[in-house]
Amino acid sequence: MKPTVLMVTTLLACAMLTAPGWAQAKPSIVIRFSHVVEEDTPKGLAALEFKRLAESRSRGRVQVQVYPNSSLYKDKEELEALQLGAVEMLAPSLAKFGQLGLKDFEVFDLPYIFPNRETLNTVTRGPIGKKLFEQLEARGIKGLAYWDNGFKVMSSNAPLRFPEDLKGKRMRIQPSRVIEAQMEALGATPIPLAFSDAYAALETGLVDGTENPPSNLYSKNMHLVQKYVAVTNHGYLGYAVIVNKKFWDGLPGDVRKLLNDCLEEATRKNNLEADKLNRSALEAVKKSKKTQVIELTDAERAVWRKALEPVYRKMEGRIDRDLINAIRRVGENSQPPLY
């Protein structure tokens, strides 16, 4: 009996499936990646890029499930969820580590601590950033990368150009003792609220204003309920990509290397796109004609810097002074301010 084409094809298929290199793929390693912003923000896009790279390069061995916009956990819940192993990966703002007693991370919240992006990059990519990440390990957390989201603007429903314009205003902030002190130095009342609750708080008048990079403000439609935005660039908002340390240490070495490589590429993309997205968001806010965008002169921004200087003295006992001085030395050796 002569073999049919169907029989030959079936035999070949079976041989290929049992041959070396054609074995069935190993079960997926699932990484739940939770964050609190929209997908069209720098962090949201970087998370999707990491997912794309990790899944394609691992050929199905790794599956990254991204949960944006607080769809899995809100600000106050996510760090505890990570430590408990209920989620594997997060990218919280650097200010949130103060909740874990890691106060040195609040150095990123100090007003005008970074005179330009060169200083910022030197800090996050060098020994200072690495040393800060080492503090996380005692809390069961592994720091993998710093993601940029840019410099913040002030927004309000009242005319806004000088620090005294915020006097008496209720300002939504993310939980941070440094940002609280910043608002108090400006005569405002800080109201800590989850990012997902910010729009409703502005719309209902629970708060009068807030601070955000333009991409966060625009993606959440805050410009629709804020009449004025001042481009103060007074503070920095960045994120740390972190994982549950037990989960990370339990991964095969080749998978850890692959994920690190993917994350490095996603980080480069994030940091390149952050400034572009913030510029385009600010232009979109202007074009909406719902919000008046106020561009400050160098002299006007110097007034803000002077008004916020007392925050440093107030935080001296909270944030390591040597750390603050180390960052300031980096700034002194960098290029002139870029904003």
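Anything mentioned here points back to the structure above.
Right, let's walk through the structure included here. (Residues numbered from 1 in each chain as written. Predicted model: local features only at pLDDT ≥ 70, side-chain atom pairs only at ≥ 80, totals over all residues. Heavy atoms only, no water.)

**Quick notes on the layout of surface pockets**
Taken as a whole, the largest pocket encloses approximately 510 Å³ of empty space. A per-element tally of the lining of the largest pocket places helix α10 (residues 253–288) first, with six residues. Class assignment of the residues belonging to the lining of the largest pocket gives a composition of five nonpolar, six polar and seven charged. (1 Å grid on protein atoms, 1.4 Å probe; cavity = no way out; pocket = protein on both sides within 12 Å on 5 of 7 lines; lining within 4 Å. Points joined across faces, edges and corners; volume = space filled by probe spheres on them. Helix = DSSP H or I, 4+ residues; strand = E, 2+ residues; numbered from the N terminus. Nonpolar A, V, L, I, M, F, W, Y, C, P; charged D, E, K, R; others polar.)

**Considerations on empty space enclosed by the protein**
Space left empty within the atom packing is revealed by a probe, the size of a water molecule, rolled over the atoms. Scanning the entire structure with this criterion turns up four cavities of 30 Å³ or more. Contributions of two or more residues to the lining of the largest cavity are made by β8 (209–212) and β10 (236–244). In terms of residue class, the lining of the largest cavity is built from five nonpolar, four polar and six charged.

**A look at the packing of aromatic side chains**
Within the structure shown, the criterion is met by eight aromatic pairs. Summarising the aromatic geometry, the rings of Phe33 and Phe50 are spaced 6.4 Å apart at their centres and angled 70 degrees between planes, so their arrangement reads as edge-to-face. With Phe33 in strand β1 (residues 29–34) and Phe50 in helix α2 (residues 42–58), the pair connects residues that are 17 residues apart, well separated along the chain. No difference in accessibility class separates Phe33 from Phe50, as the two residues are buried. A ring pair is formed by Phe114 and Tyr236, whose centres lie 5.6 Å apart and whose planes are at 75 degrees; its orientation type is edge-to-face. Taken together, the residues span a long stretch of sequence, with Phe114 in the loop between β3 (89–90) and α4 (117–125) and Tyr236 in strand β10 at a distance of 122 residues. Owing to a relative accessible area of 5%, Tyr236 belongs among the buried residues under this scheme. Among the aromatic residues, those joined into a ring-pair cluster are Phe108, Phe114, Phe133, Tyr146, Phe151 and Tyr236. A cation over an aromatic ring shows up here: Lys43 above the ring of Tyr239, its NZ or CZ 3.7 Å from the ring centre. Sitting over the face of the ring of Tyr112, Arg305 holds its NZ or CZ atom 4.5 Å from the ring centroid. (Phe/Tyr/Trp six-rings, centres within 6.5 Å; stacked < 30°, edge-to-face > 60°. Buried < 20%, exposed > 50% of the residue type's maximum accessible area, 1.4 Å probe, protein only. Lys NZ or Arg CZ within 6 Å of the ring centre and 35° of its normal.)

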